[in-house]
Each structure stands twice: as C-alpha cells, then as structure tokens.
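What follows is the residue order along each chain.
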Amino acid sequence: MTRWTGWLTVMALGAGVVGCDDAKPPAKVVRALVKRTGPATMEIIPVEGQLPYCMIFTTSEKGVIRQLTLTRDNRSIRCDANRPVANTSFRVPVKEGKVRVYVFFSDEPVQTAWVARQLYELRDRERITAMDMRLPGRLFMETLEFTPETGGVADAGTRAMTVDSGAR
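Bear in mind the structure is a predicted one, so any value in this text is a computation, not a measurement. Going along each chain's sequence as written, the residues are numbered from 1 onward. It should be noted that, the model being predicted, local features are given only for residues of pLDDT at least 70 and side-chain atom pairs only at 80 or more, the latter also being counted only at that level, while totals for whole chains, interfaces and linings use all residues. To get the side-chain values, all heavy atoms of the structure are used, and hydrogens and water are removed first.

> What should I look at first to understand the environment of Pro109 in this one?
In this text, helices come from DSSP runs of H or I with a minimum length of four residues, and strands from runs of E with a minimum of two, each type numbered from the N-terminal end. Mapped onto the fold, Pro109 is located in the loop between β7 (99–106) and α2 (112–121). The class for Pro109 is partly exposed, based on a relative accessible area of 34%. Between the alpha carbons of Pro109 and Arg78 there is a distance of 8.2 Å; along the sequence they are 31 residues apart. When residues no more than four places from it in sequence are discounted, the contact partners of Pro109 are Tyr53, Arg75 and Ser76. Any residue under 20% of the maximum accessible area for its type is buried, any over 50% is exposed, and the rest in between are partly exposed; the area is computed with a 1.4 Å probe on protein chains only. Two residues qualify as a contact provided that any one of their heavy atoms is within 4.5 Å of a heavy atom in the partner residue.

Written out as structure tokens, the structure is:
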C-alpha cells in the first residue's frame, strides 16, 4: 500500500510540475488591419500568411449588416497580402455609428449568402468567432472596429453595399 501511495504522489507532483509552466498565453494573431482613408472611409489590408480568399461584412451599432465584398457570383474574392481588399476604400455611413468589421479568410471561394445569413442569426451576440460559422473548408476570421466621423468629402472610388437581412 505504501508503494502505491508513494507512486501516486510522485505522479501527482510530476503532473503538477508539467502543468505549472510560466509560459505566456499565445499572442493574438493579427490577420488584417483597418486603415482610415477619410473621415468615413477605410481600407482593409490583409497581413502576410492569410488564406487566399476573403469577404468582408460590417455590423453597425444600429443593427445594419453590410456586405462590402459583393461580386456577381456572390462568392468570396481573392485577397492579396499587404494590399487593400478589392483595391478600394469602403464608405461607412456616419449615421449608423461605429461598426464591427468581420473579415473572413478561407482556403476556397465561399458563398457569401451563407455568411450573411449566419451573421444575421448571430446578430445579438457580443462576440462572434470562426467556430460559430458553419462554412466549408478552412476558415480564419478577424474582427476589427471602425468609427466613421463627420466632415470631409468621401473618395470618389468608395463603395458600400448592403445585404438585405430580410428584416422589415
């Protein structure tokens, strides 16, 4: 009985030593940056090492969900590192207030309608992660914030597109 007790004590102490390292938690991986290009305009710039396709959505304080990367076939677009997504600036309406910018990176083109529907379903959540999304393939997600300001004239090359959430 003494051998077993001693052996279990040694195992427990050994497990405690392994589990008690002073390692810092992993640093948050930055996948994209928001760059202000005007009072109410921004560029989204993916950093090096991201999956090749992306799509961008915003949700405003007023509850409006917008799809910024709208294409003819309604799929995610090719995104190059260190270059603005779609080579454009996106305008955010000042009257809608601060927005959360959701940038989804994927290893294959993804139907943006799937993402829009899921964002609508998750609209009341404080925080949304890639694990909350039901999408095919590999998926990474970055959540950024942008607050539009009044003043100045928006760039002529800006665009903003609205996703019809179905709410009336």
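> Which parts of the structure should I look at to understand α2?
Within an α-helix, residues lying three or four positions from one another point in the same direction, as the helix has 3.6 residues per turn. Turning to α2, its buried residues are Thr112, Val115, Ala116, Gln118 and Leu119. Taken together, the buried residues of α2 touch β3 (53–60), β4 (65–67) and β7.

> Before we go on, may I ask you to explain the pairing of strand β2 (residues 41–46) in this structure?
Consecutive side chains along a regular strand alternate between the two faces of the sheet. Burial within β2 is extensive, with six of its six residues counted as buried. Burial along β2 is two-sided: Thr41, Glu43 and Ile45 facing one way and Met42, Ile44 and Pro46 facing the other are all buried. Strands are labelled as partners when DSSP assigns at least two bridges between them. For strand β1 (residues 32–38) and β2, the ladder comprises six bridges, and the chain directions are antiparallel. By the bridge assignment for β2, Ala32 is matched with Pro46. Linking two consecutive strands that pair antiparallel, namely β1 and β2, is a turn of two residues. With two bridges joining them, β2 and strand β6 (residues 90–91) adopt antiparallel strand pairing. Residue pairing in the sheet places Thr41 in a bridge with Arg91 of β6.

> Even after reading the chapter, I still don't get the nonpolar core, so can you show me in this structure?
A general tendency of soluble globular proteins is for nonpolar side chains to be buried together. If you look at the biggest cluster of nonpolar residues, it comprises 18 residues, and the most contacted ones within it are Met42, Ile44, Ile56, Val85, Val101 and Val103. Elements with a contribution of two residues or more to this core: β2, β3, β7 and β8 (139–146). The biggest single contributor to this core is β7, with four residues. The contact partners of Val103, leaving out residues within four places of it in the chain, are Ala32, Ile44, Met55, Ile56, Phe140, Met141, Glu142 and Leu144. Put simply, a nonpolar core is a bunch of buried Ala, Val, Leu, Ile, Met, Phe, Trp, Tyr and Cys residues held in one set by side-chain atoms that sit within 4.5 Å of each other.

> So what exactly am I meant to see when it comes to the packing of aromatic side chains here?
Between two aromatic rings, the relevant description is the distance of the centres plus the angle of the planes. Note on ring pairs: Phe, Tyr and Trp rings are taken, using the six-membered ring of Trp, and paired if centres are within 6.5 Å. Classes follow the plane angle, with under 30 degrees stacked, over 60 edge-to-face and the rest tilted. Following the criterion strictly, the structure yields two aromatic pairs and no others. Ring geometry for Phe57 versus Phe104: centroids 6.3 Å apart, planes at 80 degrees, classification edge-to-face. Of this pair, Phe57 sits in strand β3 while Phe104 sits in strand β7, and the two are 47 residues apart along the sequence. Phe104 matches Phe57 in its accessibility class, with the two residues each being buried.

> I'm lost on the state of the cysteines in this one. Help?
One way to say it: the disulfide is the covalent bond shared by the sulfur atoms of two cysteines. Two cysteine sulfurs form what is called a disulfide whenever their separation falls within 2.5 Å. Taken as a whole and judged by the stated rule, the model has one disulfide. Two residues, Cys54 and Cys79, share a disulfide whose sulfurs are 1.7 Å apart. With the S-S bond torsion at -60 degrees, the cross-link from Cys54 to Cys79 turns out left-handed. One end of the pair, Cys54, is in strand β3; the other, Cys79, is in the loop between β5 (77–78) and β6, with 25 residues separating them in the sequence. By relative accessible area, Cys79 is classed as buried at 10%.

> Honestly, the pattern of salt bridges in this entry has me stumped. Any pointers?
Pairing is possible between side chains that carry opposite charge, provided their charged atoms lie close to one another. The working definition used for a salt bridge is a side-chain nitrogen of Lys or Arg within 4 Å of a carboxyl oxygen of Asp or Glu. For the coordinates displayed, the defined rule picks out eight salt bridges. A salt bridge links Arg134 to Glu121; the nearest nitrogen and oxygen atoms lie 3.1 Å apart. Within this pair, whereas Arg134 is found in the loop between α2 and β8, its partner Glu121 is found in helix α2, the two being separated by 13 residues in sequence. What makes Glu121 partly exposed here is its relative accessible area of 45%. Via salt bridges that share partners, Lys98, Arg100, Glu126 and Glu145 belong to a single interconnected network.

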